[in-house]
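Secondary and tertiary structure notes
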Amino acid sequence: MRGTSVDEGRAALILEGTDHGGRESGPVPRLTEARKPASPSSQRQVARWHRILAVAAELGARTAYEQVQMQEIADAADVSLTTLYRYFPSKVQLFTAVYAARVERFVEEEWPQKNGDAVEIVGERLVALTGRLMAQPLLCRSMVQAASADYADPSRPETPVAESCLYQAILCTFGDDDPGEERITAVRMLVYSWWGVLFSHLSGRTSAAEARYQVLSAARLLLGRDTRHG
């Protein structure tokens, strides 16, 4: 991948037990091995994990994805490159995590469960999410590129966190604790449709007005037969 050669060379030295400065860094798993990112457990680790995401988002907002260096992120976050790779084994996984965190925060803060037409609420919230992500187009492009690569990776079959978050938000809007297969399929298709509109809008092929119309239409077409329980 373009723009990662410096990181790869740096990582190779770490794997051998030294970095560019000759400091001992200790053994870490080879980057060519598929491995799951470590999960932070202590308060300090959680704070460090969030700091890495914040730094990645800041750099991604002003630098093209291909030019973002993992070493630069580690330095700005005040962590070692070894620690960064422990939590995020690749740049793809790092920016996928940034995307997931952005979507999760949006759902927590701006997806209220109000009375009203559930289909319209879902459509309007997806339109608002599109706008929130597009507010930083360079970062949005990095997140979309990374999340797409992560989703297409056959070694990572688990459902992406952000996608699960959207599924749950949509299902909760309808108050359905036990959705059937038809409902789940409709929601999955809506999320895929929203993703396609986001990609088209990001690529400049769809205007903001067209994106809004398409997302609202997809929600009505796919969820229009649903009614809120209770």
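Keep in mind that what you see is a predicted model, and the values were worked out from it rather than measured.

**Concerning the overall build of the protein chain**
Scanning the protein chain from N- to C-terminus turns up 10 helices and zero strands. Secondary structure elements of the protein chain, listed N to C terminal, follow the sequence α-α-α-α-α-α-α-α-α-α. Looking at the protein chain as a whole, 43% of its 230 residues are labelled buried. Taking the intrachain contacts of the protein chain between residues at least 6 apart in sequence as the baseline, contacts between residues at least 24 apart amount to 72%. Taken as a whole, the protein chain presents about 12500 Å² of accessible surface, with 52% of it coming from carbon and sulfur.

**Describing the side chain of Ser-142**
Tracing the chain through its elements places Ser-142 in helix α7 (residues 137-152). Excluding its chain neighbours within four sequence positions, the residues that come into contact with Ser-142 are Gly-60, Thr-63, Tyr-65 and Phe-95.

**Notes on helix α3 (residues 70-77)**
Those residues of α3 lying buried are Met-70, Gln-71, Ile-73, Ala-74 and Ala-77. Relative to the axis of α3, the buried residues are bounded by an arc of 160° and lie together on one face. One or two steps after α3, the chain reaches Asp-78, where phi turns positive at roughly 60°.

**Describing the packing of helix α5 (residues 91-110) against helix α6 (residues 118-134)**
Where α5 contacts α6, the two axes come as close as 11 Å, and the packing angle between them is 135°. In this view, α5 runs oblique relative to α6, as classed from their interaxial angle. For α5 against α6, the interelement crossing comes out right-handed. Side by side, α5 and α6 meet where Tyr-99, Arg-102, Val-103, Phe-106 and Glu-110 of the first sit next to Arg-125, Ala-128, Leu-129, Arg-132 and Leu-133 of the second.

**Re the confidence of the model for the protein chain**
In this model, the protein chain carries an average pLDDT of 82, and 77% of its residues clear a pLDDT of 70 or more. For the stretch residues 1-33, pLDDT sits under 50, and the model shows 49 contacts to residues farther than four places along the chain or on other chains.

**Considerations on the side chain of Thr-206**
For Thr-206, the position within the fold is in the loop between α9 (181-202) and α10 (208-223). Within polar-contact distance, the side chain of Thr-206 engages the side chain of Ser-200 at 2.3 Å. Once residues lying within four places of it in the same chain are set aside, the contact partners of Thr-206 are Ser-200, His-201, Ala-211 and Gln-214.

**Overview of the packing of aromatic side chains**
Within this structure, the stated rule accounts for five aromatic pairs. Relative to Trp-195, the ring of Tyr-99 has its centre 5.5 Å away and its plane inclined at 75°; by these criteria the two rings are edge-to-face. Of this pair, Tyr-99 sits in helix α5 while Trp-195 sits in helix α9, placing them 96 residues apart in sequence. The buried category is assigned to Tyr-99, whose relative accessible area is 8%. For Trp-195, a relative accessible area of 22% puts it in the partly exposed group. When the centroid spacing of 6.4 Å and the interplanar angle of 75° are considered together, the rings of Tyr-151 and Tyr-192 count as edge-to-face. Of this pair, Tyr-151 sits in helix α7 while Tyr-192 sits in helix α9, and the two are 41 residues apart along the sequence.

**Details of the environment of Leu-133**
Position of Leu-133 among the secondary structure elements: in helix α6. The exposure class of Leu-133 is buried, given its relative accessible area of 5%. Leu-133 sits 10 residues away from Met-143 along the chain, and the two C-alpha atoms are 9.2 Å apart. With sequence-adjacent residues up to four places away left out, Leu-133 is seen in contact with Tyr-99, Arg-102, Cys-140, Met-143, Trp-194 and Leu-198.

The rules behind these values
Residues numbered from 1 in each chain as written. Predicted model: local features only at pLDDT ≥ 70, side-chain atom pairs only at ≥ 80, totals over all residues. Heavy atoms only, no water. Helix = DSSP H or I, 4+ residues; strand = E, 2+ residues; numbered from the N terminus. Buried < 20%, exposed > 50% of the residue type's maximum accessible area, 1.4 Å probe, protein only. Contact = heavy atoms within 4.5 Å. Areas by Shrake-Rupley, 256 points an atom, 1.4 Å probe, with all protein chains shown as cover. Arc of directions from axis to C-beta. Axes fitted to C-alpha atoms, helices over the stretch in contact; angles between N-to-C directions. Parallel < 35°, antiparallel > 145°, perpendicular 65-115°, else oblique. Left-handed = near helix turned anticlockwise from the far one by under 90°. pLDDT = per-residue confidence, 0-100. Polar contact = N/O pair within 3.5 Å; in protein donor to acceptor, adjacent residues only side chain to side chain. Phe/Tyr/Trp six-rings, centres within 6.5 Å; stacked < 30°, edge-to-face > 60°.

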